[in-house]
Amino acid sequence: MTATDPRETVIRAALDEVADPEIPTISVIELGVIGGIRFEPAQGGGERLHVDLLPTFVGCPAIEIMREQVGERLRSLGVADEVEVRLSFEEPWTSDRISEEGREKLRGSGFAPPPHLRSLGPDELDLGGAAECPYCGSRNTTLDNAFGPTLCRAIYHCDACHQPFEQFKVL
Amino acid sequence: MTGLAAPDTLPREALAELLLSMADDEFVIGFWDSEWTGIAPMLEEDVATSSISQDEIGHANALYELHAELTGAHPDAIAFGRDPDDYRHAALLNHARTDWAFTVARRQLYETADATRLEALARSSYEPLARLAAKMRREERYHLMHLDAWIRRLAEGGSDARERLAGALVRLWPDAQTVFTPLAGEVALVEAGILPEPMAALRRRWAGEVGERLASLGLPALDPELEPAPDGRTRRTDEFRWLHAEFTMVARSDPQATW
């Protein structure tokens, strides 16, 4: 591992301004969908910036829009001659990649953040466990539907304040 | 990761066949079950079945992309540009959606078979497939949980629900085996570690597990020794031809369109 390229800090700060198209209060950095960032020699000379984009769900319909917006923002920075944003499954996106800032913003807009995973194995994913109500903080909540308005959202009901709310799914 | 097949020794044709069979499975079940959008038994299920179908078509897309990388074809052309006889999905997915119990029975058989297949492929020596399988398994956990709840609900429901479910399971059981119909190039895939276990071994493990679960709910015993039909991935039906005409309608209306 070489020392972090100082341009990476600039890149991450810029991408922290690119919103998730489906939940715009949270940025692609906070959502954890930005994977590896590296500079490579470009084919026609100069440098190419290569960024991996990790889909939350394989079939996420917002991923192409995200890719375009990330590419556009990076090109506007002028830190490399070429920019390539590639979808990657090299490291699987898991809901643990959502940052603390991201979790706070989700809560602020009525989404329960996913609980942290005890294990990263697919067989141990704890689905449908209690979620914390983003309105009153109660854990006295019931899963209404593991499938919500988008692939990554589940629908809960708070039995304390009787408010329906969504959870960003555990994955 | 060890045992990654070097590009020059990669059994490309056999790998392409494996990827296409899985992609077509996901694509076709996604389209069949998306037919429930708007008419599922209740609103929550409408959302759930649509979401699951969207997942499956997304998985198909990712698998078609891997296939396209190997063969140089365009993923859209593979998905929408073939004749019905050139699809390679399992015969289980030839049937129309029929009633809700039939859809639940078919999906339970398919999802559990797919889970067994993905568990093996997450150990594949072909890393792009291993990574995708590992990612897909996390999403499929939600499908398995949802389908198991439906199986339990119908099995423990009234006699009408139970009889329809049992009837559909018995009818579909022979075709369910075809998810594991051996592939032409299977020996090469197993030798290269791309398919970590032969289809026959995967089928036996799946049949034992799913049979046990269904029997525990008092559903009819299903023969775990039943062999899959050799033409399980090439046999096509008029019901599938009808679905094919539906899902290729937009692509056929303007073949030169950019998506």
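Calculation rules
Residues numbered from 1 in each chain as written. Chains lettered and ligands numbered in written order. Predicted model: local features only at pLDDT ≥ 70, side-chain atom pairs only at ≥ 80, totals over all residues. Heavy atoms only, no water. Helix = DSSP H or I, 4+ residues; strand = E, 2+ residues; numbered from the N terminus. Buried < 20%, exposed > 50% of the residue type's maximum accessible area, 1.4 Å probe, protein only. Areas by Shrake-Rupley, 256 points an atom, 1.4 Å probe, with all protein chains shown as cover. Rg over C-alpha atoms; globule rule 2.2 N^0.38 Å. Contact = heavy atoms within 4.5 Å. Lys, Arg positive; Asp, Glu negative; His and termini not counted. Charge placed at Lys NZ, Arg CZ, Asp CG, Glu CD. Pairing = 2+ DSSP bridges. Axes fitted to C-alpha atoms, helices over the stretch in contact; angles between N-to-C directions. pLDDT = per-residue confidence, 0-100. Salt bridge = Lys/Arg side-chain N within 4 Å of Asp/Glu carboxyl O.

Notes on the overall build of chain A
Reasoning step 1: If you tally the helices and strands in chain A, you get four helices and seven strands.
Reasoning step 2: With the C-alpha coordinates of chain A rotated into their principal frame, the extents come out at 60 × 30 × 30 Å.
Reasoning step 3: The buried share among the 171 residues of chain A stands at 49%.
Reasoning step 4: Counting only carbon and sulfur atoms, one obtains 49% of the accessible surface of chain A, whose full area is about 8000 Å².

A few points about the overall build of chain B
Reasoning step 1: When you go through chain B residue by residue, the secondary structure sums to 10 helices and zero strands.
Reasoning step 2: When the helices and strands of chain B are placed in sequence order, the string is α-α-α-α-α-α-α-α-α-α.
Reasoning step 3: Taken over C-alpha atoms, the radius of gyration comes to 18 Å for chain B, in line with the 18 Å a tight globule of 259 residues would show.
Reasoning step 4: Dimensions of chain B, computed from the C-alpha atoms along their principal axes, are close to 60 × 45 × 30 Å.
Reasoning step 5: For chain B, the residues scored as buried account for 54% of the 259 residues in total.
Reasoning step 6: Residue pairs in contact within chain B that sit at least 24 positions apart in sequence constitute 79% of those at least 6 positions apart.
Reasoning step 7: By element, 55% of the accessible surface of chain B is carried by carbon and sulfur atoms, the whole surface being about 10700 Å².
Reasoning step 8: Distance between charge centroids for chain B: 3 Å, based on 27 positive and 44 negative side chains.

Focus on the pairing of strand S3 (residues 82-87) of chain A
Reasoning step 1: In the sheet, strand S2 (residues 47-53) of chain A pairs with S3 of chain A via six bridges, with the strands oriented parallel. When the sheet's bridge partners are listed, valine 51 of chain A is paired in S3 of chain A with valine 85 of chain A.

Section: the sheet that holds S2 of chain A
All names here are of chain A.
Reasoning step 1: An order of S1-S2-S3 is seen for the three strands of this open sheet, with the pairing classed as mixed. Every other strand in the sheet has two partners, leaving strand S1 (34-41) and S3 as the edge strands with one partner each. Pairs of neighbouring strands in the sheet enclose a mean axial angle of 20°, with direction left out of account.
Reasoning step 2: Running at roughly 135° to S1, helix H1 (residues 6-15) makes contact with S1 and S2 of the sheet.
Reasoning step 3: Contacts from helix H3 (residues 63-77) reach S1, S2 and S3 within the one sheet, and its direction differs from that of S3 by about 160°.

Remarks on the pairing of S1 of chain A
Successive residues of a regular strand alternate their side chains across the two faces of the sheet.
Reasoning step 1: Here S1 of chain A runs beside S2 of chain A; their pairing, made up of six bridges, is antiparallel. Among the inter-strand pairings, arginine 38 of chain A is bridged to a residue of S2 of chain A, identified as histidine 50 of chain A.

Some remarks on the confidence of the model for chain B
Reasoning step 1: Averaged over every residue, the pLDDT of chain B is 94; the share at 70 or more is 97%.
Reasoning step 2: This prediction of the complex comes with two scores: 0.92 for pTM and 0.88 for ipTM.

As for unusual backbone geometry
Reasoning step 1: A positive phi is found at histidine 162 of chain A, a non-glycine position, where the angle reads about 60°.
Reasoning step 2: Locating histidine 162 of chain A in the fold gives a position in the loop between strand S6 (153-158) and strand S7 (164-168).
Reasoning step 3: Classification of histidine 162 of chain A by relative accessible area gives exposed; the value is 54%.
Reasoning step 4: Even without being glycine, threonine 98 of chain B reaches a positive phi, approximately 60°.
Reasoning step 5: In this fold, threonine 98 of chain B is placed in the loop between helix H3 (75-80) and helix H4 (100-121).
Reasoning step 6: Of the residues examined, threonine 98 of chain B reaches a relative accessible area of 43% and is grouped as partly exposed.

What to know about the pattern of salt bridges
Reasoning step 1: Scanning the model with the defined rule gives 37 salt bridges over all chains in all.
Reasoning step 2: When the shortest N-O distance is used, the salt bridge between arginine 7 of chain A and aspartate 5 of chain A registers 2.9 Å.
Reasoning step 3: Between aspartate 114 of chain B and arginine 117 of chain B there is a salt bridge, with the nearest N and O atoms lying 3.0 Å from each other. With aspartate 114 of chain B and arginine 117 of chain B both in helix H4 and three residues apart, the pair spans about one turn of that helix.
Reasoning step 4: According to the relative accessible area criterion, aspartate 114 of chain B is buried, its value standing at 1%.
Reasoning step 5: Each of Arg38, Glu40, Asp52, Arg86 and Glu90 of chain A takes part in salt bridges that share partners, so that together they form one network.

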